[in-house]
Amino acid sequence: MLITTPVRERSQRELAYALMLPFMAAIGLVHLVLVLLSVILTANLVGVPMLALSVMAARGLGTANRRLSRAWAGVRVPDPGPFRAGPGLLNRLGAALGDVTGWRAVIHSLLRLPAAVVACAAAAGLWGGGLLLLGCPLWGQSSAMAHLSPPGWPVAALVSAAGLALLLLAPWGLHLALAPERMLARTLLGPGPGDTRIRRLEQARALAAEDAVARLRRIERDLHDGTAARLVTLAMSLGMAQDELEQADQPERLQRARVLVDSAHRSAKETVAELRDLIRGIHPPALDQGLEVALATLTARSPIPARFEADLPERPAPAIEAIAYFCTTELLANVVKHSGARHAAIEVRVRDGLLTLRVRDDGTGGAAIGTGSGLRGLAARVQTLDGMIDIHSPAGGPTVITVELPPHI
Amino acid sequence: MRIVIAEDAVMLREGLCMLLTSRDHEVVAAVGDGDALLAAVAEHGPDIAVVDVRMPPSHTDEGLRAAIQIRRDHPSVGVLVFSQYIETRYAAQLLAGGAHGVGYLLKERVADVKDFLAALDRIAAGQTVLDPEVVTQIMGASRRTETLGTLTPREREVLAMMAEGRSNNAIAVALFLSYGSVEKHVTQIFTKLGLSPSDNDHRRVLAVLRYLQA
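A quick note: this is a predicted structure, and the numbers were derived from the prediction, not measured.

Participant: For this particular structure, what's the right way to read the overall build of chain A?
Facilitator: Helices and strands together make up the secondary structure of chain A, namely 11 helices and five strands. Burial analysis of chain A (409 residues in total) assigns 28% to the buried set. Sequence separation of 24 or more characterises 73% of the internal contacts of chain A that already satisfy a separation of 6 or more.

Participant: Help me understand the overall build of chain B, please; the structure alone is not making it clear to me.
Facilitator: When you go through chain B residue by residue, the secondary structure sums to 11 helices and six strands. When the 214 residues of chain B are sorted by exposure, 42% land in the buried category.

Participant: Teacher, can you tell me more about the pairing of strand β3 (residues 354-361) of chain A here?
Facilitator: Here is the key point about a regular strand: its side chains alternate between the two faces of the sheet. All names here are of chain A. Two strands pair when backbone bridges link them, and strand β2 (residues 344-351) and β3 are joined in this way by eight bridges, in the antiparallel orientation. When the sheet's bridge partners are listed, alanine 345 is paired in β3 with arginine 360. Taking the residues between adjacent antiparallel strands as the criterion, β2 and β3 are bridged by two residues, where aspartate 352 takes a positive phi near 50°. Bridge count between β3 and strand β5 (residues 399-405): seven bridges; the pairing is antiparallel. Across the sheet, residue arginine 358 finds its bridge partner in β5, namely threonine 402.

Participant: What am I meant to see in the environment of asparagine 65 of chain A here?
Facilitator: Residue and element names in this part refer to chain A. Looking at the element boundaries, asparagine 65 is found in helix α2 (residues 47-72). The buried category is assigned to asparagine 65, around which 27 C-beta atoms lie within 10 Å. Remark: the alpha-carbon pair of asparagine 65 and glycine 28, spanning 37 residues in sequence, is separated by 9.7 Å.

Participant: What am I meant to see in the interface of chain B and chain A here?
Facilitator: With 14 residues of chain B at the interface, the matching set in chain A holds 15 residues. Listed by contribution, the elements that provide at least two residues to the side of chain B that touches chain A are α1 (10-22) and α5 (113-124) of chain B. Broken down by element, the residue count for the side of chain B that touches chain A peaks at four residues, all from α1 of chain B.

Participant: Any chance you could explain the sheet that holds β3 of chain A here in plain terms?
Facilitator: As a general point, the strands of a sheet are linked pairwise by backbone hydrogen bonds and lie either parallel or antiparallel. All names here are of chain A. Strand order in this open sheet of five strands is β1-β2-β3-β5-β4, and the pairing throughout is mixed. The sheet is open, and its two borders are formed by β1 (306-311) and β4 (388-392), each paired with just one other strand. Ignoring strand direction, the axes of neighbouring strands in this sheet form an average angle of 10°. Where β1 meets β2, six bridges bridge the pair, whose relative direction is parallel. Bridging across to β2, alanine 306 finds its partner in alanine 344. Lying on the sheet, helix α9 (residues 291-301) is in contact with β1 and β2; it crosses β1 at an angle near 175°.

Participant: Before we go on, may I ask you to explain the packing of helix α4 (residues 100-134) of chain A against helix α6 (residues 179-188) of chain A in this structure?
Facilitator: A pair of packed helices is characterised by two quantities: the angle between their axes and the separation of those axes. Residues and elements named next belong to chain A. With their axes 9 Å apart at the nearest point, α4 and α6 run at an angle of 170° to one another. In terms of orientation, α4 lies roughly antiparallel with respect to α6. In contact with Arg104, Ile107, His108, Leu111, Arg112, Ala115, Ala116, Val118 and Ala119 of α4, α6 contributes Pro180, Glu181, Leu184 and Leu188. Among the residues forming the contact of α4 with α6, the class breakdown is nine nonpolar, one polar and three charged.

Participant: Got a minute to help me understand the nonpolar core in this structure?
Facilitator: The nonpolar side chains of soluble globular proteins are, as a tendency, buried together. Counting residues in hydrophobic clusters, the biggest one holds 61 residues, and the most contacted among them are Ala49, Val51, Leu80, Val81 and Leu94 of chain B. Looking at this core, the element that brings in the most residues is helix α7 (residues 193-245) of chain A, giving eight residues. Once residues within four sequence positions are removed from consideration, valine 81 of chain B is found in contact with Val51, Val53, Gly63, Leu64, Ala67, Leu94, Gly103 and Tyr104 of chain B. Formed by 31 residues, the second largest nonpolar core is a distinct cluster that contains Ala105, Ala119, Ala170 and Leu178 of chain A.

Participant: Any chance you could explain helix α3 (residues 62-73) of chain B here in plain terms?
Facilitator: Think of an α-helix as turning once every 3.6 residues; residues three or four places apart then point the same way. Residues and elements named next belong to chain B. The first and last C-alpha atoms of α3 sit 16 Å apart over 12 residues, in line with the 16 Å expected at 1.5 Å per residue. Listed in full, the buried residues belonging to α3 are Glu62, Gly63, Leu64, Ala66, Ala67, Ile68, Ile70 and Arg71. Of the surrounding elements, those touching the buried residues of α3 are β1 (2-6), α2 (34-44), β3 (48-52), β4 (78-83), α4 (88-95) and β5 (102-106).

Participant: Can you help me understand the sheet that holds strand β6 (residues 128-130) of chain B in this one?
Facilitator: Residues and elements named next belong to chain B. One open sheet holds the six strands; their spatial order is β2-β1-β3-β4-β5-β6, and the pairing between them is parallel. Of all the strands in the sheet, just β2 (26-31) and β6 have a single pairing partner and so form its edges. In this sheet, adjacent strand axes meet at a mean angle of 15° when their direction is disregarded. Relative to β4, β3 runs parallel, the two sharing five bridges. The partner of alanine 49 across the bridge, within β4, is valine 79. Running at roughly 170° to β4, α3 makes contact with β1, β3, β4 and β5 of the sheet.

Participant: Would you take a moment to explain the packing of helix α1 (residues 9-41) of chain A against α2 of chain A for this structure?
Facilitator: All names here are of chain A. Between α1 and α2, the shortest axis-to-axis distance is 9 Å and the interhelical angle comes to 170°. As judged from the angle between their axes, α1 and α2 are roughly antiparallel. A breakdown of the residues in the contact of α1 with α2 according to their chemical character gives 17 nonpolar, six polar and one charged.

Participant: Where do I start with helix α10 (residues 318-339) of chain A in this structure?
Facilitator: All names here are of chain A. Under the 1.5 Å per step criterion, the end-to-end length of α10 is 30 Å for 22 residues, consistent within 8% with the ideal 32 Å. Residues Ile320, Glu321, Ile323, Ala324, Tyr325, Cys327, Thr328, Leu331, Leu332, Asn334, Val335 and Ser339 constitute the buried set of α10. As for α10, its buried residues are in contact with α9, β1, β2, β3, α11 (375-383) and β5. Immediately downstream of α10, the backbone of glycine 340 shows phi near 70°, a positive value.

Here is what the cut-offs are and how they apply
Residues numbered from 1 in each chain as written. Chains lettered and ligands numbered in written order. Predicted model: local features only at pLDDT ≥ 70, side-chain atom pairs only at ≥ 80, totals over all residues. Helix = DSSP H or I, 4+ residues; strand = E, 2+ residues; numbered from the N terminus. Buried ≥ 20, exposed ≤ 12 C-beta atoms within 10 Å, placed from the backbone. Contact = placed C-beta atoms within 7 Å. Pairing = 2+ DSSP bridges. Axes fitted to C-alpha atoms, helices over the stretch in contact; angles between N-to-C directions. Parallel < 35°, antiparallel > 145°, perpendicular 65-115°, else oblique. Nonpolar A, V, L, I, M, F, W, Y, C, P; charged D, E, K, R; others polar. Core = buried A, V, L, I, M, F, W, Y, C linked by C-beta atoms within 7 Å. Expected span 1.5 Å × (residues − 1).

The following block contains the structure:
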C-alpha cells in the first residue's frame, strides 16, 4: 500500500499542483501589487477604473485558481454567481468595485501566499530531498557533490534508505501540506454566503411563480370544465323549456317543459355545490377565523377518524396559515387515498418561533417524494417560505410527516 | 340534419343531443375529443359538426385544429366551432380556408334555442355565422390593419354594427343617422373593401371577414 502510493493518481496530481503553485502565487502577487497601486491612485481618480479592472481581473484569476484546484488538488468548490451589472459604464464600474466574488479572490491571492510557501517547501523537501538522498551513492560522480560523498558504502546505503523513506512519505506529507491551500480555495473561491442565499431565494421565487401559475390554471380549468359547462347546460334547458312553453296549451309540451325545468333546477343546485367546493379550494372561509378553526373543520370532515390537537398561542401570518392549511388538506387526502390507515392524528403548534404541523397515520407507510402523492409540490411550496418537510414513512408504516414553517414571513 | 357533436363535458354533450334530437335532427355521433371527431366525420359524413375548441388530451385548441382539418378534408361538412370564450386568432384560422359553411359561436348562445338552431341551418346551407363577440373584438383589435385605415371613423362604426347583424334601419336609429346616410356609408364600405354588388346579402358577412383575414 505504502509502496504504491507514490504512483497513485492523486499524489501525481498534487505534485503537479505544487509545481504550478509558484507560478500561480507569483501571478497573484503581481496582481496584488496592481490592486495596491490602484488603491493608492484612487486619490486622483485614475485609480478608480484601474481598481475596477483589477477586481474584474481578480474574478478571472479566481476562476483560474478554482479550476486548477478542482482539477489538480481535488477541491470540491461550486462556481460563484455570474457578474451582474446594469446597463451603462457607470453601472458596470460600480458593480465591479463592489463585486464580492472579485474581492474574495483578492483576499485569496493574499492569504494563499503563505499557504503556497508551505506547500512548495513540503514538495521540495519531501520529493526533492528524497530523490537527492536516494542518489547518495552517485554523489561521488559529480564534482560539485564529491566532497559531501559519504566515507563508506554502509553510510551511503543508510542515507539512500533515508531518501527512499522520505519518498514513500512524500505523498502523504504533500497532501497534508496542501490542506491550507484547499481550505482557502473552498472558502474564498466558491459562492459567498450571500450568494448561496440569493440562489436559494431565486429558486424559491421561481417555485412560487410556477405554483401561482399552476394554481390559476387549475382554477381556470375547474371553472371552465365544471361551472361554466354546467351553467351552459342549465341555460340550454331553460331555453328549451321556454320554447316548449310557447305552446303551453298542448299538454305533452307542458309536460316536457316541466321536465326541462326540473333538470335545470337540479343543475343549478349542483352548480352551487360545485362552486362552493371551488371557493373552498381557493380560500377556505374557515381560515378567516384562524388556522385552528379551519383545521378543526377539516379534520371533522375527514372520512377517516382524525384526532386534532392545536397549540397556537399566537396567530401565524395569513400566508403561513393558508399554506399550513393546504399542507394539511393534501396530507390528509394522501392518508385517505394511499395509506389504508384507520386513524389519523393532526397536531399543529407554534413554539420557539417555529410552526410545526404533524400528520400521522397508522397506515402502510411507503410515502415518499415523487410517488405521485403530491409531496413534491408540497415540499416546493413549503420551501418557498423557508420551511421544510420531513417524511418518515417506513414500509409497513406508520407514517409521520412533519412540516415546519416560520410563523411569520 | 345529420349532426356530429364533439364536446368533452358529458352533461353538455348529452344536453345538446337531447336538444337536437327533440328538434328532429339526427345526432349520428357524440364524441369527447378531436381524434374521435375526425373519425366520426370520416365515417358518417354528417351535414354539420358541432365542435368544442377545448378538449382532451391537452385542453387547449384540439377542437379547433380538428375543425380546420375537417374543413380541408371534407369541404361539404359544415363546421360550427363552439367555445366558452372568443379568440379572434381562432376565428381567423378557422376562416383562413374560406368562409363557406362555417360558424364560430359562444357556447351560451345555445340557450337561445331558436337562434342556435337557425345558426345550424345557415351553416349547413353554406353560410357564415359569427358571434357578435367576435366582431366586437376584431373591431377593437384591428385598428392598425391597413384596410381599416381607409375607412372613416363613422364607417368603422357602421361596419361594427353591421357585422353584429343589425339592419340598416337599426344602425340608423342607434347612430342617430338617416336611413339614407347609413345606406351611403354601407355602399362606401363595400367599395372600399372591394366587394362587388353581385355578392348581395352575403356582402355584409364578407365585409367582416375582410377584417379577420387582414
